[in-house]
Number of protein chains: 2
Amino acid sequence: MQLTPLTEAFILHFGEMGSRWGINRTVGQIYALLYVAERALPADEIAEILGFSRSNVSLGLKELQSWRLVRLQHLPGDRREHFSTLGDIWQIVRVLAEERRRREIDPTLSVLRELIMETPGSEADRYAQTRLREMHDLIELIMRWSEDVQKLDTADLVQLLKLGGRVVALLELKNRLPLIGRARAQREAPPVADPQSGPADMHEQELET
Amino acid sequence: MQLTPLTEAFILHFGEMGSRWGINRTVGQIYALLYVAERALPADEIAEILGFSRSNVSLGLKELQSWRLVRLQHLPGDRREHFSTLGDIWQIVRVLAEERRRREIDPTLSVLRELIMETPGSEADRYAQTRLREMHDLIELIMRWSEDVQKLDTADLVQLLKLGGRVVALLELKNRLPLIGRARAQREAPPVADPQSGPADMHEQELET
DNA sequence: TTGCTATTCCAGTAATTTCTGGAATTTCAA
DNA sequence: TTGAAATTCCAGAAATTACTGGAATAGCAA
């Protein structure tokens, strides 16, 4: 396999972006190459295409495997291991989100929890703890949300994303539903504040925002 | 100001986490310190507390200012500049999301767009372009969504997040609404696939998932 | 303007991270 | 079990990034 100017441009950009995140350039480039490759590639071929040493590629692939972002497969008649990315891009997003939660968010949340539990040694500590609690609660809220929507099937998820902020119109609507609907919703999500609930009838403009 | 064990633990952890992202440890620690500090701090005090050189702190503060994550203020009777973080944590999230979009996502999207526009030089290019298009469309969808919900006021946003995946129940509901509601929703969001629309009546279990 | 204080810039140094080649290990077919 | 091929590990080299002290600049009160 040979790099075309097009694939090369993508690989270089992706490597740069990777290095702005935690990922190093090599790993980013390897991933980018596999992402646009039509077939699974063996490590020595990756090394040759990208001009890295064989062992560097091995390291990078191990890293990507630990993130569950590349799969290993054996092709008949070839003893070498071949690597490829996940085919379904939504699956990639789900895996990435899960791994980031597991590696970065969860440890942070538990550090925050521990610190919030401690007996404050001073007024400064007491203030710091309120700030840490704010941060903890916010991260937890966002993470619960992301775990939750991640379980949706892709079609629903896409519909939800496309709806964007207009979804609050539906929330308004929900608050106006007959009691049977509201009772269920509240039983399932007790913490949701539900300050004013209007009448059950509905006018067109009330669907706005 | 003196670091207590509690604030020190937080600052150290935050610094480590920062260095897993693009942010370097120093910058992460400065931000963490300001985040838990009850009052705005001048640069020399930050340097003393964290044990960094004065110029390093200056660099870090400049970086944080460029992210709009710290504010500068002058206190009466003191010529030094004092720095503090944003008080409203939701505001912090909004600013962070905006800056990440501006610095990392937008440039990536435009690279992807350019590459997708190019005339493919080979079959491999053609395949690569379909993959790049998938990536482009996915990132754009998620970014549009995030821009959009970012405009919501905080109470609505929190309600939305707490609802999590159960929001699809509302989507189902929407699809069952009398025509006046559906017509509006479709006019506002034409690309949203809306395959089956049921009758306008509603049974309790149809609110599930 | 002058003098004082605060801030930023810069070049050199230190620390960290990345990368390499070769040695050791593993895997698998015969 | 053996040997050939593939993979991983590791210690040192290279490259990158972070940090420092001091010099230059800017800001402000007198």
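Relevant structure appears above.
The structure reproduced in this document is the subject of the present report.

### Quick look at the overall build of chain A
Scanning chain A from terminus to terminus reveals nine helices and three strands. For chain A, the sequential pattern of α-helices and β-strands runs α-α-β-α-α-β-β-α-α-α-α-α. Considering only intrachain contacts with a sequence separation of at least 6, the fraction spanning at least 24 residues in chain A is 50%.

### So, the protein's contact with DNA strand C
The environment of DNA strand C is formed by 15 residues, the closest being Thr26, Ser53 and Ser55 of chain A together with Arg54 and Glu81 of chain B. Between a phosphate oxygen of DNA strand C and a main-chain N or O atom of serine 53 of chain A, the distance comes to 2.8 Å. Glutamate 81 of chain B is positioned with one of its backbone polar atoms (N or O) 2.8 Å from a phosphate oxygen of DNA strand C. At the level of secondary structure, the elements contributing two or more residues to the surface near DNA strand C comprise helix H4 (54–66) of chain A together with helix H4 (54–66) of chain B. The dominant element in the surface near DNA strand C, judged by the number of residues it contributes, is H4 of chain B, at four residues. Classifying every residue of the surface near DNA strand C by side-chain character gives one nonpolar, eight polar and six charged.

### Looking at the interface of chain A and chain B
Accessible area lost when the parts come together is the quantity often used to give the size of an interface. Opposite the 78 residues of chain A that make contact, chain B presents 79 residues. Carbon and sulfur atoms supply 69% of the area that chain A and chain B bury against each other, a total of about 7,600 Å² over both sides. Counting the surface chain A buries against chain B, the share from its top three residues, Leu6, Arg131 and Trp145 of chain A, is 9%. Inspection of the chain A/chain B interface yields zero salt bridges. For the interface between chain A and chain B, the tally reads 18 residue pairs in polar contact (both at pLDDT 80 or more). Taken together, the residues of the side of chain A that touches chain B sort by class into 44 nonpolar, 14 polar and 20 charged.

### Description of the sheet that holds strand E3 (residues 81–85) of chain B
Residues and elements named next belong to chain B. Strand order in this open sheet of three strands is E1-E3-E2, and the pairing throughout is antiparallel. The two strands at the open ends of the sheet, each matched to only one other strand, are strand E1 (41–42) and strand E2 (70–74). With two bridges connecting them, E1 and E3 associate as antiparallel partners. By the bridge assignment, proline 42 is partnered in E3 with histidine 82.

### What to know about the sheet that holds strand E2 (residues 70–74) of chain A
Backbone-to-backbone hydrogen bonds join strands into a sheet, with any given pair of strands oriented parallel or antiparallel. Residue and element names in this part refer to chain A. Spatially, E1-E3-E2 is the arrangement adopted by the three strands of the open sheet, whose pairing is antiparallel. Two strands in the sheet have a free side with no partner beyond their single neighbour: strand E1 (41–42) and E2. H4 rests against E2 and strand E3 (81–85) of the sheet, and its axis sits at about 110° to E2.

### Quick notes on unusual backbone geometry
Residue and element names in this part refer to chain A. Of note in the backbone geometry, arginine 68 takes a positive phi value of approximately 60° without being a glycine. Take arginine 68: it is sitting in the loop between H4 and E2. A relative accessible area of 39% means that arginine 68 is categorised as partly exposed.

### Here's the deal with the nonpolar core
By size, the foremost hydrophobic cluster in this structure holds 109 residues, and its most contacted members are Phe10 and Ile46 of chain A together with Phe10 and Ile46 of chain B. If sequence neighbours within four positions are ignored, phenylalanine 10 of chain A has contacts with Ala32, Tyr35 and Val36 of chain A together with Leu112, Leu115, Leu132 and Met135 of chain B.

### Description of the relation of the copies chain A and chain B
Between chain A and chain B, the superposition needs a rotation of 180° and an axial shift of 0.0 Å, giving an RMSD of 0.0 Å. Those values place the two copies in the arrangement expected of a two-fold rotation axis. Of the C-alpha atoms belonging to chain A, the one lying closest to the rotation axis is found on tryptophan 21 of chain A, 2.5 Å away. Comparing contact sets, 100% of the residues at the interface of chain A also lie at the interface in chain B, consistent with an isologous, same-surface contact.

### Notes on the side chain of arginine 131 of chain A
Here arginine 131 of chain A is to be found in helix H6 (residues 123–150). Judged by relative accessible area, which is 3%, arginine 131 of chain A ranks as buried. The contacts of arginine 131 of chain A, once residues within four sequence positions are left out, are Tyr35, Thr85, Leu86 and Gly87 of chain B.

Calculation criteria
- Residues numbered from 1 in each chain as written.
- Chains lettered and ligands numbered in written order.
- Predicted model: local features only at pLDDT ≥ 70, side-chain atom pairs only at ≥ 80, totals over all residues.
- Heavy atoms only, no water.
- Helix = DSSP H or I, 4+ residues; strand = E, 2+ residues; numbered from the N terminus.
- Contact = heavy atoms within 4.5 Å.
- Near = heavy atom within 4 Å.
- Polar contact = N/O pair within 3.5 Å; in protein donor to acceptor, adjacent residues only side chain to side chain.
- Nonpolar A, V, L, I, M, F, W, Y, C, P; charged D, E, K, R; others polar.
- Buried area = accessible area lost by both parts, 1.4 Å probe.
- Salt bridge = Lys/Arg side-chain N within 4 Å of Asp/Glu carboxyl O.
- Pairing = 2+ DSSP bridges.
- Axes fitted to C-alpha atoms, helices over the stretch in contact; angles between N-to-C directions.
- Buried < 20%, exposed > 50% of the residue type's maximum accessible area, 1.4 Å probe, protein only.
- Core = buried A, V, L, I, M, F, W, Y, C linked by side-chain atoms within 4.5 Å.
- Least-squares fit on C-alpha atoms with pLDDT ≥ 70 in both.

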